[in-house]
Amino acid sequence: MDLRLRDKVIIVTGGASGIGEGICRKLAEEGAIPCILDRDEQNTLRVFSELSREYGIMPFYHLMDLTDPAACNEAVARVLGELGRIDGLVNNAGLNDGVGLANGTYEKFVGSLDRNVGHYFSVASATLPALKLSFGAIVNICSKTAITGQGGTSGYAAANGERLTLTKEWAAELQKYGIRVNAVVVAECMTPQYRWWIGQQADPEAKLREIVSKIPLENRMTTAEEIANMAAMLLSPASAAVNGQLLHVDGGYVVLDRAAS
């Protein structure tokens, strides 16, 4: 299916690994120009090189700290200066940092919010004038922890609750400009970060078996490619009537009765 994304300029925060990398690859496959905003220089250069070689495109990258609002403004200005337009934004970067109620402090909690949702606002704010001109779209990548809870991660769960709320709020605010805003809600997706966490468990293989046994559809992890497919669809004119939606790409993990599987 042609998603009509060819030559569209799409910013992807945290685009150098995991879900963000998967989204950049899907966009490149569709002929779009992914713009990677990330602080990981090694992975950013790797993804930039691979996308250029494999898809024959010239992606954009900017190394930065997303928690710095001034750096977000600078990054967006660079995209506009070099490419002249912005057609979409994928807010993706974040980290389940384990700042809980029992083991956290107010300062750590607020810091977690800043790391995990502050830049969603900063980058969206900076791109808004360009998105108004292109009638663009925003996709917020969110975690199921905002809906299900997890325990021991108050900051990350609260930040994801804000991501979900901002999705609906921005959809309401920006619809008059023809800008659509939707969210992809992720549950158990195998990323480098998730793989590292599994590796910290006493019995990683047993822990992974326990987790996938609770995923209703096929008892398997979601892939970054599957998240990317949905994100690309939401950025595309093919989903022109979809706005303010929270779409779960998780094999039914959140919304289905797991006992039925």
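All of the points below concern the structure found in this document. Please read all numbers here as calculations on a predicted model, not as lab measurements.

**Details of a negative patch on the surface**
Part 1: The grouping of Asp65, Asp68, Glu74 and Asp114 at the surface amounts to a negative patch.
Part 2: By the secondary structure assignment, Asp68 is in the loop between strand E3 (60-63) and helix H3 (69-83).
Part 3: Given a relative accessible area of 34%, Asp68 falls into the partly exposed group.

**Things to note about the pattern of salt bridges**
Part 1: Enumeration according to the criterion identifies 15 salt bridges in this entry.
Part 2: With its nearest N and O atoms 2.9 Å apart, the salt bridge here joins Arg46 to Glu21. Here Glu21 lies in helix H1 (residues 18-29) and Arg46 lies in helix H2 (residues 41-55), a separation of 25 residues in the sequence.
Part 3: Owing to a relative accessible area of 29%, Arg46 belongs among the partly exposed residues under this scheme.
Part 4: If you follow the salt bridges from partner to partner, you end up with Glu21, Arg25, Arg46, Glu50 and Glu54 in one network.

**Quick word on the nonpolar core**
Part 1: In terms of nonpolar packing, the biggest core is built from 61 residues, with Ile11, Ile23 and Ile141 touching the most fellow members.
Part 2: Of all the elements, helix H4 (residues 106-134) adds the most residues to this core, at nine residues.
Part 3: Among the nonpolar cores identified, the runner-up in size contains eight residues, and Ala187, Ile198, Val212 and Tyr253 belong to it.

**Concerning the side chain of His62**
Part 1: Its location among the elements puts His62 in strand E3.
Part 2: Judged by its relative accessible area of 7%, His62 falls in the buried class.
Part 3: Engagement of the side chain of His62 in a polar contact is seen with the side chain of Arg78, the distance being 2.9 Å.
Part 4: Excluding its chain neighbours within four sequence positions, the residues that come into contact with His62 are Ile36, Leu37, Asp38, Glu74, Ala75 and Arg78.

**A few points about the packing of helix H7 (residues 192-199) against helix H8 (residues 204-212)**
Part 1: Orientation of H7 relative to H8, taken along the N-to-C sense of each, is 120 degrees, at an axis distance of 8 Å. When the axes of H7 and H8 are compared, the pair comes out oblique. Between H7 and H8, the contacting residues are Tyr194, Trp197, Ile198 and Gly199 on the first element and Pro204, Lys207, Leu208 and Ile211 on the second.
Part 2: Considered class by class, the residues forming the contact of H7 with H8 number six nonpolar, one polar and one charged.

**Remarks on unusual backbone geometry**
Part 1: Within the chain, Asp7 stands out as a residue other than glycine whose phi angle is a positive 70 degrees.
Part 2: Residue class for Asp7 comes out exposed when judged on its relative accessible area of 53%.

**Things to note about the environment of Gln175**
Part 1: Structurally, Gln175 is set in the loop between helix H6 (154-174) and strand E6 (180-186).
Part 2: For Gln175 and Gly244, which are 69 residues apart along the polypeptide, the C-alpha to C-alpha distance reads 9.4 Å.
Part 3: For Gln175, the contacting residues outside a window of four places in its chain are Trp170 and Asn243.

About the criteria used
- Residues numbered from 1 in each chain as written.
- Predicted model: local features only at pLDDT ≥ 70, side-chain atom pairs only at ≥ 80, totals over all residues.
- Heavy atoms only, no water.
- Patch = residues over 30% accessible without salt bridge, like charges linked within 9 Å, V, L, I, M, F, W, Y side chains within 5 Å.
- Areas by Shrake-Rupley, 256 points an atom, 1.4 Å probe, with all protein chains shown as cover.
- Salt bridge = Lys/Arg side-chain N within 4 Å of Asp/Glu carboxyl O.
- Lys, Arg positive; Asp, Glu negative; His and termini not counted.
- Charge placed at Lys NZ, Arg CZ, Asp CG, Glu CD.
- Helix = DSSP H or I, 4+ residues; strand = E, 2+ residues; numbered from the N terminus.
- Buried < 20%, exposed > 50% of the residue type's maximum accessible area, 1.4 Å probe, protein only.
- Core = buried A, V, L, I, M, F, W, Y, C linked by side-chain atoms within 4.5 Å.
- Polar contact = N/O pair within 3.5 Å; in protein donor to acceptor, adjacent residues only side chain to side chain.
- Contact = heavy atoms within 4.5 Å.
- Axes fitted to C-alpha atoms, helices over the stretch in contact; angles between N-to-C directions.
- Parallel < 35°, antiparallel > 145°, perpendicular 65-115°, else oblique.
- Nonpolar A, V, L, I, M, F, W, Y, C, P; charged D, E, K, R; others polar.

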